[in-house]
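A look at the structure
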Amino acid sequence: MYRFFTLLFFFAAFRLTAQVPTLSSGEIFQNIKKLNVVGSVLYIAAHPDDENTLMLSYLSKDQLVRTGYLSLTRGDGGQNLIGAEQGYNIGVIRTQELLGARRIDGAQQFFSRAYDFGFSKTRDETLNFWDRDKVLGDVIWMIRKFQPDVIITRFPPDPRAGHGHHQTSAYLAEQAFDLAADPKSYPDQLKFVKTWQPKRLVWNTFTPGFTNKAPSDEKNPFISIEIGGYNPVLGKSYTEIAALSRSQHRSQGFGSSPQRGERIDYFLHKVGTPAEKNLFDGVDISWKRVKGSEKVQAAVAAAIKNYSVNKPSASIPELLKINAELGKLDSSNIYVKTKKEEVRDLIVQCAGLWFETNPADFSGVAGEDARINIGVVKRSDYPVKLVSLAWTGKSTDSLINLALSANEMNAFQKKALLPASLKLSQPYWLEKPIDKGLFQIDNQQDIGYPENRPETKTIYTFEIGGQQFTFERAWVYKYTDPAEGEIYRPFEIRPLVTTTITEPVFIFPSPEPKTVTIVVEAQRGNVKGTVKPEIPAGWKSVPESAEFSLTGKYQQQYFSFIITPPLSNQEVTLRAVAIVDGKTYDKSIKTISYQHISSQTLFPVSEAKLAKIDVKSAAKNIGYIAGAGDDVPMALRQMDCQVTMLNESGLTKDLTMFDAIIVGVRAFNTEAYLANYQGKLMDYVRNGGTMVVQYTIPGQKVGQIGPFNIELGRERVTEEDAQMRFLLPESPILNFPNKITQKDFDGWIQERGLYFAQDWDKKNYQALFSANDKDETMKEGSTLYAQYGKGHYIYTGLSFFRELPAGVTGAYRLFANMISVGKK
């Protein structure tokens, strides 16, 4: 049965409490047992995937302690195995992957403001890039806010950790351990939180022997814990739960199979009071640590003892008693606050309450109306009354006073006015440009949150057993996919109109004009205005502007502007703006959508780089074998190349039509079919073709990636301004058709390159460059060139996949030479 109600709602800004998933009876019992545990652990590392998901699963679901993972970064500097997103875009994906992992292993997710700028070899380099004091302050903030009894680091604070970010995560955790308790340290934070002193900090080591490699650690005690046990209530071992959690990191290719059976982890003492047998030695994680909580403890014990798997609703009276007793305790105590939230959620689960708000569309515009549907159903026989539905900005609730019948859906159809003050649904850490290795976050209380606290919600008040409970739920759009079933998508606040430039970079190798296309999209119906490209003096646009009229929501119009560069070489920024009723809109729109995460929409400023440069390419017809995903084909088209994407079917055809064939990043790692065509590709080279292979990691799916032996390694040069020494200045790759100089290596981003060759057939391959990071030996494996038969083969670990989409002009010139070497 359905009951329908119609109300007119006016909404203003608010903040959201996370929605609670529907739990099985066993999971409800697990969470009731968790009410009896009053302790917490904060795990600290540097990136998505650094966390030990088995340890998090064990802590959350066996020890039943409140468990958090603080990842200093969102993984913005890593590679992407599922698409072409890089930089903060891959950070958005990995944020959602981490949240998916936490929903499985039961921990909470937090972040600092640090931006992942790519691989770093030293702690000093990392701290210099990030601003040590600010990131240290973020770690102290999270310790004070989360109040952990124990802190666990994944890495040591020294070179044994490898990555400089890894070293830094442990170093900052150890520094913050005592500073979090010092009121003189970051005193401005104390307006919102209080000082906190954890009991101990331990390093979750890989083996007991690993701890003995540093003299400073040799005398430190360590404990071992078996964490691979089986949980009969959940029907899974912690290794199985951990594998499901880790498998959420799909953009990194970390699908994992569970290793069933015993698993022992080791914990080396670092700071605080050493543990003897257990992580919580000397820490009372019972209710005895909360003054006056004796009745709470007794009520929790009764709820555990009397729980009925077949009838969870029978536990509601005892949960109501716990809630009432918690209300008599100090509300500022973090354990009281946490347990009240847990009890409220358990009451909802035991009552079988389900309630959510679904807009009729997945987006709206501030100041416009939105139609929403609210559904409430109670799937138990326990009496529950829906007292009211409320909305932010109104001083009174909309009284309902509806006694909910068992398993009867109550549907409310509403019209909501979105206030003009609502912010765009831009990830909060991306509202401002990244500055000196940090996301710029103005509000101290926002720091740490994994994602936005949504600005559109419904507030529900229920009466259960004489007590009132108020819950907030975000609006979520949902629809039915014929193949996947029910799909949820966050509700978005969008600008009235967006202007998106189809390419991020436009290369002008000559004074000839190029066409820049701007896509104007209405985010509501009936939008009229003017679109124009804003360019500096010396550049010319025809036309200078254009009128648009869009009648339908999401309707798009494409506008072409002929852009003519100046005669001199220069690099500038084009900004696309729309003017509607005198107001200027300059946001583009980018939706990141993958099956394993909810859709994420970003609104970056609508800009593109224009570069008038001296670049020539003698190769025009290019075949491209895509790998893990990159935007190099787009860059090739900017050099007026014709690019044909080659899949398995394409490789069955005649390849002699191509001036060059390029193998995308990690294609030899991700595309197994290439093993069947490597012989044909080598024949193409031997008969006069040119083949350029971009970086490949060890463990490729073909036995040999080139015509002669190459052994791949993990060497890299992470300093993007490291000197590039020319080993063979007369090589055609450095001279035709563009004369390559040191200037061509100016302005590179993030790194010089990665996964260099570590050994090769030096009789047949020529190394073109040597480079090294500070205080390291020279590395010559970044680019290898060989003549094979009549053709040419190049392996390069230089990071063209980053430099070309970023518009690094020297990278264009060098890459043009690589694909043109067969035309000299």
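Details of the structure are given in the entry above.
Residues numbered from 1 in each chain as written. Predicted model: local features only at pLDDT ≥ 70, side-chain atom pairs only at ≥ 80, totals over all residues. Heavy atoms only, no water.

1. Points about the overall build of the chain
Helix and strand counts for the chain come out as 16 helices and 44 strands. Its C-alpha radius of gyration of 30 Å places the chain within 12% of the 28 Å reference for a compact globule of 824 residues. Overall, the C-alpha framework of the chain stretches about 85 × 70 × 55 Å when taken along its three principal axes. Buried residues in the chain amount to 57% of all 824 residues. Summarising the internal contacts of the chain: among those between residues at least 6 apart in sequence, 76% fall at separations of at least 24. In the chain, 96 side chains carry a positive charge and 91 a negative one; their mean positions are 3 Å apart. (Helix = DSSP H or I, 4+ residues; strand = E, 2+ residues; numbered from the N terminus. Rg over C-alpha atoms; globule rule 2.2 N^0.38 Å. Buried < 20%, exposed > 50% of the residue type's maximum accessible area, 1.4 Å probe, protein only. Contact = heavy atoms within 4.5 Å. Lys, Arg positive; Asp, Glu negative; His and termini not counted. Charge placed at Lys NZ, Arg CZ, Asp CG, Glu CD.)

2. Concerning the pattern of salt bridges
Tallied over the entire structure, the rule returns 38 salt bridges. For Glu776, the salt bridge is made with Lys121, and the minimal N-O distance between the two is 2.7 Å. Here the residue Glu776 occupies a position in the loop between strand E42 (769-770) and strand E43 (783-788), and Lys121 occupies one in the loop between strand E4 (108-111) and helix H4 (123-130), the gap between them amounting to 655 residues. For Lys121, a relative accessible area of 18% translates into the label buried. Its salt-bridge partner being Glu492, residue Arg489 comes within 3.2 Å of it at the nearest N-O pair. When sorted by exposure, Arg489 lands in the same class as Glu492, which is buried. Salt bridges sharing partners connect three or more residues here, namely Lys121, Asp773, Glu776 and Lys779. (Salt bridge = Lys/Arg side-chain N within 4 Å of Asp/Glu carboxyl O.)

3. Quick word on helix H9 (residues 316-326)
Most of H9 is tucked away: eight of the eleven residues are buried. Of the residues making up H9, those classed as buried are Ile316, Glu318, Leu319, Leu320, Ile322, Asn323, Glu325 and Leu326. In this structure, the buried residues of H9 make contact with helix H8 (294-306), helix H10 (334-351), strand E17 (457-464) and strand E18 (467-474).

4. Re the nonpolar core
Core analysis: the largest hydrophobic core is formed by 86 residues, its most contacted members being Ile322, Leu353, Val376, Leu386, Phe462 and Ile464. The residues contacting Ile322, other than those within four sequence positions of it, are Leu35, Val296, Ala299, Val300, Ala303 and Val343. Formed by 81 residues, the second largest nonpolar core is a distinct cluster that contains Phe708, Tyr795, Ala811 and Leu814. (Core = buried A, V, L, I, M, F, W, Y, C linked by side-chain atoms within 4.5 Å.)

5. As for the environment of Leu404
Mapped onto the elements of the fold, Leu404 is located in the loop between strand E15 (398-403) and strand E16 (409-417). The class of Leu404 is buried, set by a relative accessible area of 6%. Through-space distance from the C-alpha of Leu404 to that of Phe462 is 9.9 Å; in sequence the pair is 58 residues apart. Leu404 has contacts with Leu353, Val376, Lys378, Val384, Leu386, Asn410 and Phe462, leaving out every residue within four places of it along the chain.

6. Section: the sheet that holds strand E35 (residues 642-645)
Spatially, seven strands are ordered E35-E34-E36-E37-E44-E43-E41 in an open sheet, and the strand pairing comes out mixed. In this open sheet, the two edge strands, each paired with only one partner strand, are E35 and strand E41 (766-767). Strand direction decides the pairing type here: E41 and E43, joined by two bridges, are antiparallel. Of the residues in E43, the one forming a bridge with Gln766 is Tyr785. Where helix H16 (residues 809-820) meets the sheet, its contacts fall on strand E34 (621-625), strand E36 (660-663), strand E37 (690-693), E43 and strand E44 (791-796), and the angle it forms with E37 comes to roughly 135°. (Pairing = 2+ DSSP bridges. Axes fitted to C-alpha atoms, helices over the stretch in contact; angles between N-to-C directions.)

7. Remarks on the sheet that holds E17
Taken in spatial order, the four strands make up an open sheet running E15-E14-E17-E18, and their pairing is antiparallel. Each edge of the open sheet carries a strand with a single partner, namely E15 and E18. When strand polarity is set aside, the average angle formed by the axes of neighbouring strands in this sheet is 20°. Bridge count between strand E14 (residues 385-390) and E15: four bridges; the pairing is antiparallel. Counterpart to Leu386 in the pairing with E15 is Leu402. Seen against the sheet, H9 touches E17 and E18 and runs at an angle of roughly 90° to E18. Running over the sheet, H10 touches E17 and E18 and is turned about 90° from E18.

8. Observations concerning the packing of aromatic side chains
Within the structure shown, the criterion is met by 32 aromatic pairs. On the numbers, 5.5 Å between centres and 65° between planes, the contact of Phe110 with Phe146 is edge-to-face. Taken together, the residues Phe110 in strand E4 and Phe146 in helix H5 (residues 132-146) connect sequence positions 36 residues apart. On the basis of relative accessible area, Phe110 is assigned to the buried category, the value being 12%. Here the aromatic residues Phe726, Phe745, Trp748, Phe769, Phe800 and Phe815 are joined through ring pairs into a cluster of three or more. Positioned over the ring face of Phe254 is Arg246, at 4.8 Å from the centre of the ring. The cationic tip of Lys762 hangs over the ring face of Trp760; the distance from NZ or CZ to the ring centre is 4.4 Å. (Phe/Tyr/Trp six-rings, centres within 6.5 Å; stacked < 30°, edge-to-face > 60°. Lys NZ or Arg CZ within 6 Å of the ring centre and 35° of its normal.)

9. Some points on the packing of helix H2 (residues 53-61) against helix H3 (residues 88-105)
At a closest axis distance of 9 Å, the pairing of H2 and H3 adopts a crossing angle of 45°. Relative to H3, the element H2 is oriented oblique. From H2, Thr53, Leu56, Ser57, Ser60 and Lys61 reach across to H3, where they touch Arg102, Ile104 and Asp105. When the residues that make up the contact of H2 with H3 are grouped by side-chain class, the tally is two nonpolar, three polar and three charged. (Parallel < 35°, antiparallel > 145°, perpendicular 65-115°, else oblique. Nonpolar A, V, L, I, M, F, W, Y, C, P; charged D, E, K, R; others polar.)

10. Examining unusual backbone geometry
Here Val542 and Pro543 are connected by a cis peptide whose omega angle stands at -5°. Structurally, the position occupied by Pro543 is in the loop between strand E26 (540-542) and strand E27 (546-550). Residue Phe736 is joined to Pro737 through a cis peptide bond whose omega torsion reads -5°. For Pro737, the location among the structural elements is in the loop between strand E39 (725-726) and strand E40 (757-760). With phi around 55°, Lys436 is a residue other than glycine that occupies positive phi space. If you trace the backbone, Lys436 turns up in the loop between E16 and E17.

11. Re H3
Between the first and last C-alpha of H3 there are 25 Å, a value that for 18 residues agrees with the 26 Å anticipated at 1.5 Å per step. One or two steps after H3, the chain reaches Gly106, where phi turns positive at roughly 90°. (Expected span 1.5 Å × (residues − 1).)

12. Observations regarding the pairing of strand E5 (residues 150-153)
Here E5 shows no split at all, with Val150 and Ile152 on one side and Ile151 and Thr153 on the other all buried. Relative to E5, strand E2 (residues 40-45) is paired through four bridges, and the arrangement is parallel. Paired with Val41 across the bridge in E5 is Val150. Of the pairings in the sheet, the one linking E5 to strand E6 (residues 200-205) comprises four bridges and is parallel in character. Note on E6: the bridge partner recorded for Ile152 is Val202. You can see the chain leave E5, run along helix H6 (residues 164-179) and come back into E6, and the turn it takes is right-handed. (Right-handed = clockwise from strand over helix to strand, strands pointing away.)

13. Considerations on the pairing of E18
Where E17 lies against E18, eight bridges are found, and the strand directions are antiparallel. Along E18, the bridge assignment pairs Phe462 with Phe469.

14. Thoughts on the packing of H2 against helix H7 (residues 238-246)
Here H2 crosses H7 at 125°, and the two axes come no closer than 8 Å. Comparing the axis directions of H2 and H7 gives the class oblique. As for how H2 packs across H7, the hand of that crossing is right-handed. For the pair H2 and H7, contact is made by Thr53, Leu54, Ser57, Tyr58 and Lys61 and by Tyr238, Thr239, Ile241, Ala242, Ser245 and Arg246, respectively. (Left-handed = near helix turned anticlockwise from the far one by under 90°.)

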